[in-house]
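Close look at the chain arrangement
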Amino acid sequence: MIRAAFALVLALSVPACSQAPEGAVEVRAGSRAEVLSAAELAALPQVEVEASGRRFSGPRLRDALTAAGAPTGGDVEAVGADGYTRTLAAAVVGRDDVVVALGLPAGEGPLRLVVPGSPGLGVKQLTALRAAGQ
């Protein structure tokens, strides 16, 4: 009985991972969810940024949100495959240099949220983006 209760508490405390296939990101705004594939992300305008001495390229975060029909004027939570979550303030979401980097090695990607000048806000193995509190 105690073991079952502990298992239930543990299961409820672990963040739910996105159902997006590898190389895709689930974008959630309220009850609406859209999955953007790597091909859809690659079809968006691409920018190149430098962070932590490396070059990354991909679409701007705000362009990915717009493509999925999500608002870009509020805070956004970025979630990694391991459940690691970072909340980005609306001012960061709207920056020109915040990108969803594509084509990364397995340990980092295939997608990664890159925030130059704020490495603590980046998320490796990005699987989901959602309006804060959703």
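Rules used throughout
- Each chain carries its own residue numbering, running from 1 in the written order of its sequence.
- Owing to the predicted nature of the model, reporting of local features is limited to residues with pLDDT of at least 70; listing and counting of side-chain atom pairs is limited to 80 or more, with chain, interface and lining totals taken over all residues.
- In computing side-chain values, all of the structure's heavy atoms are included and hydrogens and water are not.
- Helix and strand labels come from DSSP, where a helix needs a run of H or I of at least four residues and a strand needs a run of E of at least two; each type is numbered from the N terminus.
- Exposure is judged per residue with a 1.4 Å probe applied to protein chains only, and the accessible area is read against the type maximum: over 50% gives exposed, under 20% gives buried, and values in between give partly exposed.
- In what follows, a contact means two residues having at least one pair of non-hydrogen atoms within 4.5 Å.
- Per-residue and other accessible areas follow the Shrake-Rupley method at a 1.4 Å probe size, with only the shown protein chains counted as cover for residues.
- Note on pairing: DSSP must find at least two bridges between two strands before they are called paired.
- Fitted lines through C-alpha atoms give the axes, limited to the stretch in contact for helices. The angle between two N-to-C directions lies from 0 to 180 degrees.
- As a per-residue measure, pLDDT tells how confident the predictor is, with possible values from 0 to 100.
- What makes a salt bridge here is a side-chain nitrogen of Lys or Arg within 4 Å of a carboxyl oxygen of Asp or Glu, nothing more.
- Put simply, a nonpolar core is a bunch of buried Ala, Val, Leu, Ile, Met, Phe, Trp, Tyr and Cys residues held in one set by side-chain atoms that sit within 4.5 Å of each other.
- N or O atoms closer than or at 3.5 Å make up a polar contact, with two conditions inside protein: a donor-capable atom paired with an acceptor-capable one, and, for residues adjacent in sequence, both atoms drawn from side chains.

1. Quick word on the overall build of the protein chain
The secondary structure content of the protein chain amounts to four helices and nine strands. Taken from the N to the C terminus, the helices and strands of the protein chain come in the order α-β-β-α-β-β-α-β-β-α-β-β-β. Looking at the protein chain as a whole, 38% of its 134 residues are labelled buried. Contacts spanning at least 24 positions in sequence make up 54% of the contacts within the protein chain whose residues lie at least 6 apart. For the protein chain, the exposed surface amounts to about 7,100 Å²; the carbon and sulfur share of it is 56%.

2. Comments concerning the sheet that holds strand 5 (residues 76-80)
One open sheet holds the five strands; their spatial order is 2-1-9-5-6, and the pairing between them is mixed. In the strand order of this sheet, the two ends are held by strand 2 (32-36) and strand 6 (85-88), each with one partner. Adjacent strand axes in the sheet meet at a mean angle of 20°, parallel and antiparallel pairs treated alike. Where strand 5 meets strand 6, four bridges bridge the pair, whose relative direction is antiparallel. By the bridge assignment for strand 6, Ala-78 is matched with Arg-86.

3. Quick look at the confidence of the model for the protein chain
When pLDDT is averaged along the protein chain, the result is 85; 83% of the residues meet or exceed 70. Per-element mean pLDDT across the protein chain ranges from 38 in helix 1 (residues 2-13) up to 98 in strand 7 (residues 99-101). Residue range residues 1-18 is modelled with pLDDT below 50. Its contacts to residues more than four positions away, or to other chains, number five contacts.

4. Quick look at the pattern of salt bridges
For the structure on display, the rule yields 10 salt bridges. Between Arg-32 and Glu-34 there is a salt bridge; the shortest N-O distance is 3.9 Å. Given the relative accessible area of 43%, Arg-32 is considered partly exposed. Close ionic contact of Arg-112 with Glu-108 constitutes a salt bridge, the shortest N to O distance being 2.6 Å. Put simply, Glu-48, Glu-50 and Arg-55 are held in one network by salt bridges that share partners.

5. Focus: the nonpolar core
In this structure, Leu-41, Leu-61, Leu-88, Leu-113, Leu-126 and Leu-129 are the most contacted members of the largest nonpolar core, which totals 25 residues. For this core, the element with the most residues is helix 3 (residues 61-67), which contributes three residues. When sequence neighbours within four positions are dropped, the list of residues in contact with Leu-129 reads Val-25, Glu-26, Val-27, Arg-28, Leu-61, Leu-65, Val-76, Glu-77 and Ala-78.

6. Topic: the side chain of Arg-112
Its location among the elements puts Arg-112 in strand 8 (residues 112-114). Within the structure, the side chain of Arg-112 is placed 2.6 Å from the side chain of Glu-108, a separation counted as a polar contact. With residues up to four places along the chain from it excluded, the contact list for Arg-112 reads Arg-54, Phe-56, Val-99, Val-100, Ala-101, Leu-104, Val-123, Lys-124 and Leu-126.

7. Focus on the pairing of strand 4 (residues 54-59)
Taken together, the six bridges between strand 3 (residues 46-51) and strand 4 define a ladder with antiparallel strand orientation. Considered in strand 4, the bridge of Val-47 is made with Gly-58. Between the end of strand 3 and the start of strand 4, which pair antiparallel, lie two residues, with Ser-52 showing a positive phi angle near 55°.

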